[in-house]
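# Residue-level structure breakdown
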Amino acid sequence: MRVFLSALGIAIGIAAMTAVAGISSSSRAELDDRLAALGTNMLTVAPGNALGGDTATLPPEAPAMIARVGPVQKVAATGTVKNAKIYRNDRIPAAESGGMVVQATHPKLLETVGARIVDGVWFNAATERYPTVVLGDSAARRLGIGKAGPEIRVYLGNTWFTVIGILDPVPLAPELDAAALVGWTGAATYLGFDGHPTTVYTRSPDESVETVRSVLAQTANPEHPNEVKVSRPSDALAARQATDKAFTGLLLGLGAVALLVGGVGVANTMVITVLERRGEIGLRRSLGATRGQIRTQFLVESLMLSALGGLAGITLGMGVTTVYASTQNWEAVIPAWATVGGLGATLVIGATAGLYPAVRASRLPPTEALAAP
């Protein structure tokens, strides 16, 4: 019964560590997803001012050059199509454009800025070459267009364009909401687009954002890097990094406490076991068992006690984490270190805690052990 209760104590300690680690990791994953939705790893590049005070321009090759930067994962660009207005039909006066802008865009813009098509489709390699347009949420509402399709057309730059898609509002790039997006090639063919990007969007790993930002200006415009504006990393990125550090410290602290409690339980059980089994130890020594064999016996018992308690605790902790995460509509995330590392640490602590009782048992003289009540 004492062995069972000790194993149970170890199991509860390891279960607590596993559950706390799993629940905290699941919570952190949920928080990371929410912070990622705020664009923590997105940077934008735009033309600044030239020396004369006029607005500078980015080279047409800027997106391709930025894509060569090692840590950059995604790149997409938009370019304002000058002197192109969008109307519901060709009978609306030219002055009543509704303040909407026409933007040439790369096909990868959707995934780079985290936008979503609410109706229709996005550009592909074929449609971006033809007179097709995707409307931002605000632009579609101003034009009175609620759906996309081959029969839905708008008058854009003196040419009829087919509306193939409508965007949901884009929190990370609100400037797209009031825009009519045209394929990069189609804009050059039908609207005389000059190929100069006005905004380049980039995505990089969180840990590389600062490094990428430091080289974006020189990469986008090597001849005049001072004429390039680069956005600063989001404040949410700093919050995300601070959160990760806080969670890591919390998990390590709780894990250390749980393992310490389990180790004390193992040591206590093994010391009492030696005291209660002195008669058995004396009998075995009298029958020829060596000190090494006695040490091995008690050390193996200590390891088995720790292993059984650890496995039971890990299983229980994983179950608690899964149930709790499901009630919060989170994805259950159980870090590997909390399972493999927890079990390994339990065995190390079990061996350490059982070493002294094992040595003490091996040093008992046979006559004294046999004489014990």
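As the structure is a computational prediction, the values presented were derived from the model and not from experiment. (Residues numbered from 1 in each chain as written. Predicted model: local features only at pLDDT ≥ 70, side-chain atom pairs only at ≥ 80, totals over all residues. Heavy atoms only, no water.)

### Focus on helix α5 (residues 184–191)
Residues spaced three or four apart along an α-helix point in a common direction, a consequence of the helix completing one turn every 3.6 residues. Those residues of α5 that fall on the buried side of the exposure criterion are Trp184, Gly186, Ala187 and Leu191. Along α5, the residues classed as buried sweep out an arc of 160 degrees about the axis, all on the same side. Contacts from the buried residues of α5 go to β2 (74–80), β4 (101–105), β7 (153–156), β8 (159–167) and β9 (179–183). One or two steps after α5, the chain reaches glycine 192, where phi turns positive at roughly 70 degrees. (Buried < 20%, exposed > 50% of the residue type's maximum accessible area, 1.4 Å probe, protein only. Helix = DSSP H or I, 4+ residues; strand = E, 2+ residues; numbered from the N terminus. Arc of directions from axis to C-beta. Contact = heavy atoms within 4.5 Å.)

### Describing the nonpolar core
Grouped together as the largest cluster of nonpolar side chains are 42 residues, with contacts concentrated most on Val45, Val133, Leu135, Leu156 and Val163. Tallying contributions element by element places helix α6 (residues 209–220) first for this core, with five residues. Excluding anything up to four places from it in sequence, valine 133 contacts Phe123, Val154, Leu156, Phe161, Thr162, Val163, Ile164, Gly165, Ala180, Leu181 and Val182. Counting residues in hydrophobic clusters, the runner-up holds 18 residues, among them Ala115, Trp122, Ile164 and Leu181. (Core = buried A, V, L, I, M, F, W, Y, C linked by side-chain atoms within 4.5 Å.)

### Some words on the pairing of β7
Two faces, one strand: in a regular strand the side chains alternate between the faces of the sheet. Relative to β7, strand β3 (residues 86–87) runs antiparallel, the two sharing two bridges. Within β7, the position partnered with tyrosine 87 by the bridge is tyrosine 155. As judged from the four bridges shared by β7 and β8, these two strands associate in the antiparallel manner. Its bridge partner lying in β8, tyrosine 155 is registered against tryptophan 160. Count of turn residues in the β7/β8 antiparallel hairpin: two residues, of which glycine 157 carries a positive phi of about 60 degrees. (Pairing = 2+ DSSP bridges.)

### Looking at the pairing of β4
With four of its five residues buried, β4 lies for the most part within the structure. Examined bridge by bridge, β2 and β4 share three bridges and lie antiparallel to one another. Each bridged residue has a counterpart across the sheet, and for threonine 80 the counterpart in β4 is glutamine 103. Here β4 pairs with β9 via five bridges, running parallel. Following the sheet pairing, threonine 105 is matched in β9 by glycine 183.

### Describing the packing of aromatic side chains
On inspection of all chains with the given rule, the structure shows five aromatic pairs. Ring centres of tryptophan 184 and phenylalanine 193 lie 4.9 Å apart, and the angle between their planes is 90 degrees; on these two criteria the pair is classed as edge-to-face. In this pair, the class of tryptophan 184 matches that of phenylalanine 193, namely buried. Centroid distance tyrosine 324 to tryptophan 330: 5.9 Å. Interplanar angle 75 degrees. Geometry classified as edge-to-face. Under the relative-accessibility criterion, tyrosine 324 is labelled partly exposed at 35%. (Phe/Tyr/Trp six-rings, centres within 6.5 Å; stacked < 30°, edge-to-face > 60°.)

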